[in-house]
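Notes for the structure review
Here is how the chains run, residue by residue.
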Amino acid sequence: MTRAGEETYRTYEQSGRHEEVSVSTAGLPDWLDPVVRAADTVQPHQLSRFLPPESGRGRQSAVLVLFGEGARGPELLLMERAGTLRSHAGQPSFPGGALDPEDGDPATTGPLRAALREAEEETGLDPSGVQPFGVLPKLYIPVSGFVVTPVLGWWRTPSPVGAVDPAETARVFTVPVADLTDPDNRAMALHPSGNAGPAFLVEGALVWGFTAGVIDRLLHFAGWERPWDRTREVPLDWRA
């Protein structure tokens, strides 16, 4: 079921590639209510200890955290980056990338445009079928210097997806939320440095790093998280 009569809580309008970019909660399925509430209330420090430098340094970027509904219920769209890339090679991730000048202001519509544009370029999805419904606080990836805005989207009208450019994307896949919340699929990814962070073993992939951190916090603040064994560790060379 979907909600009727929900008001748009934030709308942006700019001239450019898209005449209008809006963030709206109208017509979302009821099961997304907890995610909407989390997006409205979560604070930056609750999502990550890595926040944008106060100096303003960092390359502005955005990712699309796209929720759809598949054969097994709610699901998320992910992609696996090509192993030849210089940055985050081989990692599963959300579609996304750096803002282009034509995307607009990083403080307003820029992240929305960039998230949709990059998702189209990387996965081939039709952005007209995506309804942005929330924007999380900007986060920081120290290893690459990216300042990342996670844009939450509802895949209102699904479209075919796949790896558009094999030099950038190895594959595109969806993961049921039920698998992400399954304790058997959860672990702590152990980096050679000794650092550990939340991870998910799903669809033949180890989702870790920034992407896993955002998923972990969304599951937690949406109330979807199930108790899992945080002492279970998986080395990042788990396939070796």
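See the structure printed just above.
Definitions and limits used
Numbering of residues begins from 1 in every chain and follows the order in which that chain's sequence is written. The predicted nature of this model means local features are confined to residues of pLDDT at least 70 and side-chain atom pairs, given and counted, to a pLDDT of 80 or more, with totals for whole chains, interfaces and linings taken over all residues. Side-chain metrics rest on all non-hydrogen atoms present in the structure, leaving aside hydrogens and water. Labels follow the DSSP assignment, with helices taken as runs of H or I lasting at least four residues and strands as runs of E lasting at least two, numbered in each case from the N terminus. With a 1.4 Å probe rolled over the protein chains alone, any residue whose accessible area is under 20% of its type maximum counts as buried; one over 50% counts as exposed, and the rest are partly exposed. Surface accessibility follows the Shrake-Rupley procedure with a 1.4 Å probe radius. Residue values consider only the protein chains on display as shielding. Criterion used throughout: strands pair if DSSP finds at least two bridges between them. Interaxial angles span 0 to 180 degrees and are taken between N-to-C directions of axes, which are lines fitted to C-alpha atoms, for helices over the stretch in contact. Any pair of residues with heavy atoms lying within 4.5 Å of one another is described as a contacting pair. Stacked, tilted and edge-to-face pairs are distinguished by plane angle, under 30 degrees for stacked and over 60 for edge-to-face with tilted covering the rest, among Phe, Tyr and Trp rings (Trp via its six-membered ring) whose centres lie within 6.5 Å. By the criterion adopted, a ring carries a charge over it if an Arg CZ or a Lys NZ lies within 6 Å of its centre and within 35 degrees of its normal.

Moving on, we get to the overall build of the chain. Helix and strand counts for the chain come out as five helices and 14 strands. For the chain, the residues scored as buried account for 49% of the 240 residues in total. Counting every atom, the chain has about 11,400 Å² of accessible surface; 50% of that belongs to carbon and sulfur.

This next bit is on the pairing of strand 11 (residues 186–190). Summarising burial for strand 11: four of the five residues are buried, a large majority. The antiparallel pairing of strand 11 with strand 12 (residues 196–202) creates a hairpin that spans five residues between the two strands, and G194 there sits at a positive phi of about 105°. Of the strand pairs in this sheet, strand 11 and strand 14 (residues 233–235) are connected by three bridges, and their pairing is parallel. Counted as the bridge partner of A189 is V234 from strand 14.

In space, the four strands of this open sheet follow the order 13-12-11-14, with mixed pairing throughout. Unpaired on one side and paired on the other, strand 13 (205–207) and strand 14 mark the two borders of the sheet. Across the sheet, the mean angle separating the axes of adjacent strands is 45° when strand polarity is ignored. Sheet strands touched by helix 5 (residues 209–221): strand 11, strand 12 and strand 13. Its angle to strand 12, the strand with the most contacts, is close to 85°.

Taken as a whole, this structure holds five aromatic pairs when the rule is applied. Taken together, the ring pairs in this structure connect W31, F67, F133, W154 and W224 into an aromatic cluster. For R171, the ring lying beneath its charged end belongs to F173, and the centroid distance is 4.2 Å.

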